[in-house]
Amino acid sequence: MAEVKLLNITKIYEGKNRAVNDVSFEIGDKEFVVLVGPSGCGKSTTLRMIAGLEEISEGELFIDGKLVNNIPPAQRDIAMVFQNYALYPHMTVFENMAFGLKLRKYSKAEIKERVDDAAKILSIKDLLDRKPKQLSGGQRQRVAVGRAIVRKPKVFLFDEPLSNLDAKLRVQMRTEISKLHHQLGATMIYVTHDQTEAMTMGDRIVVMKDGYVQQIDTPMNLYNNPTNKFVASFIGTPAMNFIEGNINDGYEFRSLKGGLRILPGENQKAKLSAVAGKNIFLGIRPENISLIATGFSQKLSVPVELIEPMGSDANIYFNIDGTQFVCKTGSTKLPRAAEQIDVYLDCGKLHFFDKENEKII
């Protein structure tokens, strides 16, 4: 396998449209890195530049220590799995998986061994004689992954491979791809807009927005220590709650309309002293709002707007100063819509963001 290094990579299309801006990061040997962000953020364009399917406008790309900017895709020793599977409809599963090896003049014995090994890993040995139209979406995706495995490339690239599958299959396939990563010991780069996929699959996550990298970190560090308001809102389900307000001389946060007054934890007071009097955003995750008092918490009395039962837990929506909040609770005794309830905000789990640049305070 191999390391991948992006150094100040930029993609500029005609009309000076900058799809990717000055992106730099390294992917270690055998590491699983996920590029995540909303549609149009530049993640797929970045992946396609790594693959050689898009020309790099500025910057340098290294694979296994070798500069590959001007090396064609076929010579980069990478394999890509696409969103739409890209299978040949007139070929059997075996022929689809073997096609790239035939082009590279491998012997029939070597081709059969590699295809059989990959089919065994993916549990599709009984499908080798079928055509793509005879397969389910999950089976087609396994074939597409198998076609990549037989190549034994230095780097695997996945471009939103699960977005065409239903919810249950997506969960199953992301588990299988994660197991495949450990089994192959492969370097993998995976693009998705689904932050749940990113959190559950990646060793590290690259969060992108508007062509820029916002933060690169492990899943739990992104969750616990977001670098800005966008990352905080994008990582986590349901999304983090935000409300605008300011800090007074006593370090108390007060929302603009005064409906929320909350005293942060002692560990946060020093950094908040620098923004006293300035408008800022307070953020708190839905799972850090409870229906019962725990430790250092702030009590609020609010009317319930909506309840979403999720089985093992539930989302309860309410309003503070015209801003919608959601509480994620595991309580089995749920309130009713319009009922007045007490909620408790964990003051030790508050996040504060500068209003002007939206960076963490």
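Residues numbered from 1 in each chain as written. Predicted model: local features only at pLDDT ≥ 70, side-chain atom pairs only at ≥ 80, totals over all residues. Heavy atoms only, no water.

Colleague: Explain the environment of A86 to me, and be specific about the residues and the numbers.
Modeller: Position of A86 relative to the elements: it lies in the loop between strand 6 (78–81) and helix 2 (93–103). For A86, a relative accessible area of 36% gives the class partly exposed. Sequence separation between A86 and R140 is 54 residues, and the spatial gap between their C-alpha atoms is 9.3 Å. (Helix = DSSP H or I, 4+ residues; strand = E, 2+ residues; numbered from the N terminus. Buried < 20%, exposed > 50% of the residue type's maximum accessible area, 1.4 Å probe, protein only.)

Colleague: Which residues make up helix 5 (residues 167–184), and what values go with them?
Modeller: The terminal C-alpha atoms of helix 5 lie 26 Å apart, and with 18 residues this matches the ideal 26 Å at 1.5 Å per residue to within 8%. Among the residues of helix 5, M173, R174, I177, S178, L180 and H181 are the ones counted as buried. Take helix 5 and look down its axis: the buried residues cluster within an arc of 155 degrees, on one side only. Facing away from the buried side of helix 5 by over 90 degrees, the exposed positions are K168, K179, H182 and Q183. Structurally, helix 5 contributes buried residues whose contacts are with strand 3 (32–36), helix 3 (108–121), helix 4 (137–149), strand 7 (155–159), strand 8 (187–192) and helix 6 (195–201). For helix 5, the side-chain oxygen to backbone nitrogen distance between the N-cap and K168 is 3.3 Å, and the N-cap itself is D166. (Expected span 1.5 Å × (residues − 1). Arc of directions from axis to C-beta. Contact = heavy atoms within 4.5 Å. Polar contact = N/O pair within 3.5 Å; in protein donor to acceptor, adjacent residues only side chain to side chain.)

Colleague: Which residues make up the side chain of T187, and what values do they have?
Modeller: Its place among the elements puts T187 in strand 8. Within the structure, the side chain of T187 is placed 2.9 Å from the backbone nitrogen of K30, a separation counted as a polar contact.

Colleague: Lay out the sheet that holds strand 8 with the relevant residues and their values.
Modeller: In a beta sheet, neighbouring strands pair by backbone hydrogen bonds and run either parallel or antiparallel. Pairing is mixed in the open sheet, where 6 strands are placed in the order 6-7-8-3-9-10. In this open sheet, the two edge strands, each paired with only one partner strand, are strand 6 and strand 10 (212–217). On average, each strand axis in the sheet is tilted by 15 degrees relative to the strand beside it, whichever way the strands run. Across 5 bridges, strand 3 lies against strand 8 in parallel orientation. Within strand 8, the residue paired with L35 across the bridge is V191. Seen against the sheet, helix 4 touches strand 6 and strand 7 and runs at an angle of roughly 175 degrees to strand 6. Packed onto the sheet, helix 5 meets strand 3, strand 7 and strand 8 and runs at close to 165 degrees relative to strand 8. (Pairing = 2+ DSSP bridges. Axes fitted to C-alpha atoms, helices over the stretch in contact; angles between N-to-C directions.)

Colleague: Outline the pairing of strand 20 (residues 351–354), listing residues and values.
Modeller: Along strand 20, one buried face is formed by H351 and F353 and the opposite face, lined by F352 and D354, is buried too. Relative to strand 20, strand 14 (residues 279–284) runs antiparallel, the two sharing 4 bridges. Its bridge partner lying in strand 20, F281 is registered against F353.

Colleague: Outline helix 3, listing residues and values.
Modeller: The end-to-end C-alpha distance of helix 3, which contains 14 residues, comes to 20 Å, matching closely the 20 Å that a straight helix rising 1.5 Å per residue would cover. Among all positions of helix 3, only I111, R114, V115, D116, A118 and A119 are buried. Next to the buried residues of helix 3 lie helix 2 and helix 4. Among the residues trailing helix 3, S123 stands out with phi positive, at a value near 60 degrees.

Colleague: Residues and numbers for unusual backbone geometry, please.
Modeller: T237 connects to P238 through a cis peptide bond whose omega is -10 degrees. Structurally, the position occupied by P238 is in the loop between helix 8 (229–234) and strand 11 (241–247). If you check the backbone angles, D64 has positive phi at about 55 degrees while not being a glycine. By the element assignment, D64 lies in the loop between strand 4 (58–63) and strand 5 (66–67). In this structure, E160 takes a positive phi of about 45 degrees despite not being glycine. Mapped onto the fold, E160 is located in the loop between strand 7 and helix 5.

Colleague: If you had to explain the layout of surface pockets to someone new, which residues and values would you point to?
Modeller: In this approach the atoms are scanned with a rolling probe the size of a water molecule, which exposes any empty space left behind. The computed volume of the largest pocket comes to approximately 500 Å³. In terms of lining, the largest pocket is formed by 18 residues, of which the most central are M80, F82, R104, R147 and R151. Of all the elements in the fold, those that place two or more residues in the lining of the largest pocket are strand 6, helix 2 and helix 4. Split by residue class, the lining of the largest pocket holds 14 nonpolar, 1 polar and 3 charged. What the second largest pocket holds in volume is close to 330 Å³. Lining the second largest pocket are 17 residues, with N224, N225, K349, L350 and H351 positioned closest to its centre. When residues of the lining of the second largest pocket are traced back to their parent elements, those giving at least two are helix 7 (219–224), helix 9 (266–272) and strand 20. By residue number, the principal contributor to the lining of the second largest pocket is helix 9, which donates 3 residues. (1 Å grid on protein atoms, 1.4 Å probe; cavity = no way out; pocket = protein on both sides within 12 Å on 5 of 7 lines; lining within 4 Å. Points joined across faces, edges and corners; volume = space filled by probe spheres on them. Nonpolar A, V, L, I, M, F, W, Y, C, P; charged D, E, K, R; others polar.)

Purely geometric stuff here, so don't read any function into it on its own.
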